[in-house]
Amino acid sequence: MHHPISRRGFLAGSSAALVALASSSPDAAAAVTHNQDFRSRFISLRVAHPVPSVAIPLINNKSIDLTAFRGSRVIVNFWATWCPGCRQELPALQGLAAKQLPGLKIVAIAADREPPRKITEFAKGLGLSKLAIGLAPESLINRKDSEQLSPFVLYAMPITYIIGKSGAVEGYFLGQIDWSGDEALTFIERFN
């Protein structure tokens, strides 16, 4: 079933395109990364959407289900090997994951169509040993039930969704985010 794009979706996609263009130059990427206001860049959903129960294969031959993290705040980052902003954002997510903060889970899901071996090589090349790296199952992104669509729509790369403690997607960030500062943690802590 085809769903027409909403005005909000169009605007979000347009914003993502501008962020992607800005991140193509190192100076512009630094401006986007270091002069950010988390509150103004976060696109809050009017209605929080429950996360579907889907097994997400990890590059370490295990799998996770995002519904198992209910009671924690979860950062779900979708990225691709061809994305320059992703190459810069993933190490910051790695640093945040390495802190092993109680009540915070982080999953970085490769959304491109590279074989698992290529994704693993890419992750090793960036030193992402502390970050849960998943491979996007089609059912996670394009889930079509009679009751709901997947809350994960890939408007841009990277795109990061925030899941609150209730297990519902609260909103998302388009483009690269700097997760290394205290502002990131302060922002994430507000989700219940």
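Above: the structure in question.
What you see is a predicted model, and the numbers here were worked out from it, not measured in a lab.

Cut-offs used in this document
Residues numbered from 1 in each chain as written. Predicted model: local features only at pLDDT ≥ 70, side-chain atom pairs only at ≥ 80, totals over all residues. Heavy atoms only, no water. 1 Å grid on protein atoms, 1.4 Å probe; cavity = no way out; pocket = protein on both sides within 12 Å on 5 of 7 lines; lining within 4 Å. Points joined across faces, edges and corners; volume = space filled by probe spheres on them. Helix = DSSP H or I, 4+ residues; strand = E, 2+ residues; numbered from the N terminus. Nonpolar A, V, L, I, M, F, W, Y, C, P; charged D, E, K, R; others polar. Core = buried A, V, L, I, M, F, W, Y, C linked by side-chain atoms within 4.5 Å. Buried < 20%, exposed > 50% of the residue type's maximum accessible area, 1.4 Å probe, protein only. Contact = heavy atoms within 4.5 Å. Salt bridge = Lys/Arg side-chain N within 4 Å of Asp/Glu carboxyl O. Polar contact = N/O pair within 3.5 Å; in protein donor to acceptor, adjacent residues only side chain to side chain.

1. Some thoughts on the layout of surface pockets
Then, in step 1: Computed from the structure, the second largest pocket encloses a volume of approximately 250 Å³.
Then, in step 2: Contributions of two or more residues to the lining of the second largest pocket are made by helix 4 (84–98) and strand 5 (104–110).
Then, in step 3: The residue inventory of the lining of the second largest pocket, partitioned by class, reads 11 nonpolar, 2 polar and 2 charged.

2. Focus: the nonpolar core
Then, in step 1: Judged by nonpolar contacts, the single largest core of 59 residues is most densely connected at Leu-66, Phe-78, Phe-152 and Trp-179.
Then, in step 2: Each residue touching Trp-179, except ones within four places of it in the same chain, is listed here: Phe-38, Ile-75, Glu-89, Ala-92, Leu-93, Leu-96, Thr-160, Ile-162, Phe-173, Ala-184 and Ile-188.

3. What about the pattern of salt bridges?
Then, in step 1: Tallying each qualifying case throughout the model produces 1 salt bridge.
Then, in step 2: Among the salt bridges present, the one from Glu-121 reaches Arg-117, with a minimum N-O distance of 3.4 Å. In this pair, Glu-121 and Arg-117 are both assigned in helix 5 (residues 116–125), 4 residues apart and thus about one turn of the helix distant.

4. Description of the side chain of Thr-160
Then, in step 1: With respect to the helices and strands, the residue Thr-160 is situated in strand 7 (residues 159–163).
Then, in step 2: Of note is the side chain of Thr-160, whose polar atom sits 2.8 Å from the side chain of Asn-77.
Then, in step 3: When near neighbours in sequence (up to four residues on either side) are disregarded, Thr-160 contacts Ile-75, Val-76, Asn-77, Glu-89, Gly-171, Tyr-172, Phe-173 and Trp-179.

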